[in-house]
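A look at the structure
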Amino acid sequence: MTTATWTLDASDDGQLAVRTDVTGRAAKMGHRLTIAVTSWTATVEWSGEAPTAVTLVAEVSSLEVVHGEGGLTPLIGPEKIVAKANALKSFEADRYPSIRFVSEEITAVDSGFRLAGTAEIHGVSREITVDVTATDLGDRWHIESETIVRQSDYKITPYSQMFGAMKVVDEVTVTFDADYRKP
């Protein structure tokens, strides 16, 4: 049985991002953000035709606000800087510099694989399940997933302002989209 190790990272393999939403009486004022994680590494161990272990490590300080929808004004440079600073403060990036996911069980499903494992965010470890779609494109594999994460499960207080009249929704969507070129 052949074994292989895939290593993917943010340099040119794909994108790891977080999408947020806003709520509250003044939600119209807030932006729904797309925040890219610009420094991450994923390692996938293979045995035969199936992955046996997946590890992903993301550096919190690498967060970059790349897009914002809604709000009273367009999201431009200075607002992106403020939004990033607020995200780093919510994550306590100096104290908890990385986010880590380690699979404990991998199951084949129709569209790819279901990864059951542990996510460590903000110093809190919790079990989580991630469904990953894997598509064979001939010269490469395309891998993608979309997972809902509740910030409060990891003792993160969602950002708010105006005494809570506008705040980030507790549940955020984490997306992963990458290509692995076949040898």
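Scroll up to find the structure.
Conventions used here
- Residues numbered from 1 in each chain as written.
- Predicted model: local features only at pLDDT ≥ 70, side-chain atom pairs only at ≥ 80, totals over all residues.
- Heavy atoms only, no water.
- 1 Å grid on protein atoms, 1.4 Å probe; cavity = no way out; pocket = protein on both sides within 12 Å on 5 of 7 lines; lining within 4 Å.
- Points joined across faces, edges and corners; volume = space filled by probe spheres on them.
- Helix = DSSP H or I, 4+ residues; strand = E, 2+ residues; numbered from the N terminus.
- Contact = heavy atoms within 4.5 Å.
- Core = buried A, V, L, I, M, F, W, Y, C linked by side-chain atoms within 4.5 Å.
- Buried < 20%, exposed > 50% of the residue type's maximum accessible area, 1.4 Å probe, protein only.
- Pairing = 2+ DSSP bridges.

Right, let's get into the layout of surface pockets. Computed from the structure, the second largest pocket encloses a volume of approximately 230 Å³. Taken together, Thr2, Thr3, Ala4, Trp6, Trp46, Gly48, Glu49, Phe113, Ala134, Trp141 and Lys182 make up the lining of the second largest pocket. For the lining of the second largest pocket, the element with the most residues is strand β1 (residues 3-9), which contributes three residues.

Glancing now at the side chain of Thr147. In this structure, Thr147 sits in strand β11 (residues 140-150). Here Thr147 is in contact with Ile128, Thr129, Val130, Val172, Thr173 and Val174, once residues within four sequence places are set aside.

This brings us to the nonpolar core. Leu8, Trp40, Leu56 and Tyr154 are the most contacted members of the largest nonpolar core, which totals 39 residues. Dropping the residues within four chain positions of it, Tyr154 is found in contact with Ala119, Ile121, His122, Val124, Arg126, Ile128 and Val149.

What follows deals with the sheet that holds strand β12 (residues 160-161). Read across the sheet, three strands follow the order β3-β13-β12 without closing on themselves; strand pairing throughout is antiparallel. Looking at the sheet topology across the chains shown, the edges are occupied by β3 (22-23) and β12. Across two bridges, β12 lies against strand β13 (residues 166-168) in antiparallel orientation. From the neighbouring strand, Gln161 faces β13, where its bridge partner is Met166.

This next bit is on the pairing of strand β2 (residues 14-19). Strand direction decides the pairing type here: β2 and strand β14 (residues 171-181), joined by six bridges, are antiparallel. If you follow Arg19 over to β14, its bridge partner there is Thr173. Sheet analysis places β2 next to strand β4 (residues 31-37), joined by four bridges and oriented antiparallel. Within β4, the position partnered with Leu16 by the bridge is Val37.

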